[in-house]
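Structure at a glance
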Amino acid sequence: MIPEFAIMGHPNEGKSSVLSTLAEDDSVRISDTPGETRECRTFPVVIDGREVLRFTDTPGFQNPARVLVELRRMVETESDPLAAFRTFAQEIPELHDDRELLTPVSAGAGIIYVVDGSRPVRRVDRTEMEILRLTGKPRMAIINCKDGITEYLEAWKLEFRKNFNSSRIFNAHRASWAERISLLEALKSIDQDWQPVLGEVVKAFRRDWAERNEQSATIIVELLSTCLRLEVRGELQKESRLDAIRETLLEKYGEKLTAEEHLAQSRLRALYKHNIFNYQLPPHSLLHSDILDERNWALLGLSKSQLLITGALGGAAAGLGLDVMTLGSSFGLFATVGGVLGGIGAIWGGESLAGQKKILGIPLPSLGGEQLQIGPAKEINMLFILLNRALLYYRHIINWAHGRRDYEKVQKDNTDENFTREWGKERMIVCRDYFAASGRSEQELKNAEEKLRKLLVKVLTEIGDQ
Ligand SMILES: Nc1nc2c(ncn2[C@@H]2O[C@H](COP(=O)(O)OP(=O)(O)OP(=O)(O)O)[C@@H](O)[C@H]2O)c(=O)[nH]1
Ligand SMILES: [Mg+2]
């Protein structure tokens, strides 16, 4: 048996939004015009190619007062009052829509009743709740506080206690993965007969999520490996203007990094079923900035002690000096490349540049013959910039509810965070070994990649549970 729940309620309360978020389906039609949903439509939840659960979207009640009168009458006289009501309503045009919306329940679906809890309880709500109680089906009420106003919550809860087996607060726009799972867990309790099968559904959801985290970790490691090995070269002519070449090369390098990042982001989006997804990241997000933007390096890079753990200060300290770093200088690839090439530029008046392969222990850009090269990255901070950006994106994606469509209104609800800054020695060593392995044998690299991947699965799980 595949459990089915009909999402019911008054028009425009957020029924379709709740469904979209619960089923992770962004094809559900949502709009601020009451009456957007005109017919019942079922959305299956498919895991591993198998349908495990169904949600049915329904139109809002049109004529609840009349429905209640008729249904009460039928409860007195009929063994299957819902079926009797449907037969009766067939001949009455004004009950047509209400007849429609009761179809799934009449066929055995459980009820999820959605109200916008940011407004007071009205008489019509009591009428609707009474109708649902009379159906005798397992039912749960969901308070979807559209405007975040909570002063009416207690009054709603009081009503719900009378009419429902269980009630929950669930916001269609902000519900995270953890809240979705917790809602499904709660559904188990509304009917004993459903417990075993819903228990299996919850297990399937958890397995599926764990599997997606495995795949996300793979996507991120692939992104890192590609980006860290990335190289761009430019010809250096005697008459070349070094600063111009520097700019061009950096630009190319930055573009390639961005292209790889976008590719990984679109793979992550697909994995979390964001198909029509074109949401903009919060306007202030660092993800809008270029990977080589100095802000990134300051905010998403390593702390000083972490740099020490990873040995990244080895060459750099000599050149830049610790004091520069403690001043908060955005030490990293961009600054170094700028600095190094600035330095070369200064002596580019006829002097040979051959032999200037390493400056500050960082062979980028190195000068091989007539070529200038950026990459592969030799600065471990690069790994952390890319990683933190990937984790930021991951967090945006998993917490972006499918029912949320107000892309343009995205405010500061996601703060940028340096996920790795608090990482201790053990995790830093995994990263350092991975970074160092890129110059070693294929096998060593594979092993190090796998260790990092395993670490990332843990990290992603932590982010999801927050
Ligand atoms: N701010 C905010 N708006 C919400 C939330 N849930 C729904 N809305 C908005 O409320 C409006 C109605 O949402 P729908 O999900 O279409 O409501 P419905 O109950 O399915 O409406 P009908 O199909 O017309 O009965 C849309 O503009 C939604 O974006 C929420 O949690 N927060
Ligand atoms: Mg709707």
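So, how was this worked out
Residues numbered from 1 in each chain as written. Chains lettered and ligands numbered in written order. Predicted model: local features only at pLDDT ≥ 70, side-chain atom pairs only at ≥ 80, totals over all residues. Heavy atoms only, no water. Salt bridge = Lys/Arg side-chain N within 4 Å of Asp/Glu carboxyl O. Buried < 20%, exposed > 50% of the residue type's maximum accessible area, 1.4 Å probe, protein only. Helix = DSSP H or I, 4+ residues; strand = E, 2+ residues; numbered from the N terminus. Pairing = 2+ DSSP bridges. Axes fitted to C-alpha atoms, helices over the stretch in contact; angles between N-to-C directions. Left-handed = near helix turned anticlockwise from the far one by under 90°. Contact = heavy atoms within 4.5 Å. Nonpolar A, V, L, I, M, F, W, Y, C, P; charged D, E, K, R; others polar. Donors = N, O, S within 2.8 Å, 3.2 Å for Na, K, Ca; no water.

1. Topic: the pattern of salt bridges
Inspection of the entire model under this criterion finds 31 salt bridges. Taking the shortest distance from any N to any O, the salt bridge between Asp125 and Arg119 comes out at 2.9 Å. Several salt bridges converge on common partners, so that one network encompasses Glu24, Arg180, Asp208, Arg212 and Lys273.

2. A look at the pairing of strand E1 (residues 4–9)
The element E1 is extensively covered by neighbouring structure, given that 5 of its 6 residues are classed as buried. The pairing of E1 with strand E3 (residues 50–57) spans 4 bridges and is parallel. Each bridged residue has a counterpart across the sheet, and for Ile7 the counterpart in E3 is Asp57. Here 5 bridges tie E1 to strand E4 (residues 110–115), and the two strands are oriented parallel to one another. The residue bridging Phe5 from the neighbouring strand is Gly110, located in E4.

3. Structural notes on the packing of helix H17 (residues 425–437) against helix H18 (residues 442–465)
The N-to-C vectors of H17 and H18 enclose an angle of 145°; their axes lie 9 Å apart at closest approach. The element H17 and its partner H18 pack so that their crossing is left-handed. In this structure, H17 uses Arg427, Val430, Cys431, Asp433, Tyr434 and Ala437 to contact H18, whose residues at the interface are Glu444, Leu445, Ala448, Glu449, Lys451, Leu452, Leu455, Lys458, Val459 and Glu462. Here the contact of H17 with H18 is composed, by residue class, of 9 nonpolar, no polar and 7 charged.

4. Re the coordination of the magnesium ion (ligand 2)
Summarising the metal site, the magnesium ion (ligand 2) is bound by the protein donors Ser16 (OG) and Thr37 (OG1), whose distances to it range over 2.0 to 2.1 Å. Of the two residues, Ser16 sits in helix H1 (residues 15–23) while Thr37 sits in the loop between H1 and strand E2 (41–47), which places them 21 residues apart along the sequence. Note on accessibility: Ser16 and Thr37 belong to one class, buried.

Interpretation note: all reported values are geometric properties and have no functional meaning in isolation.
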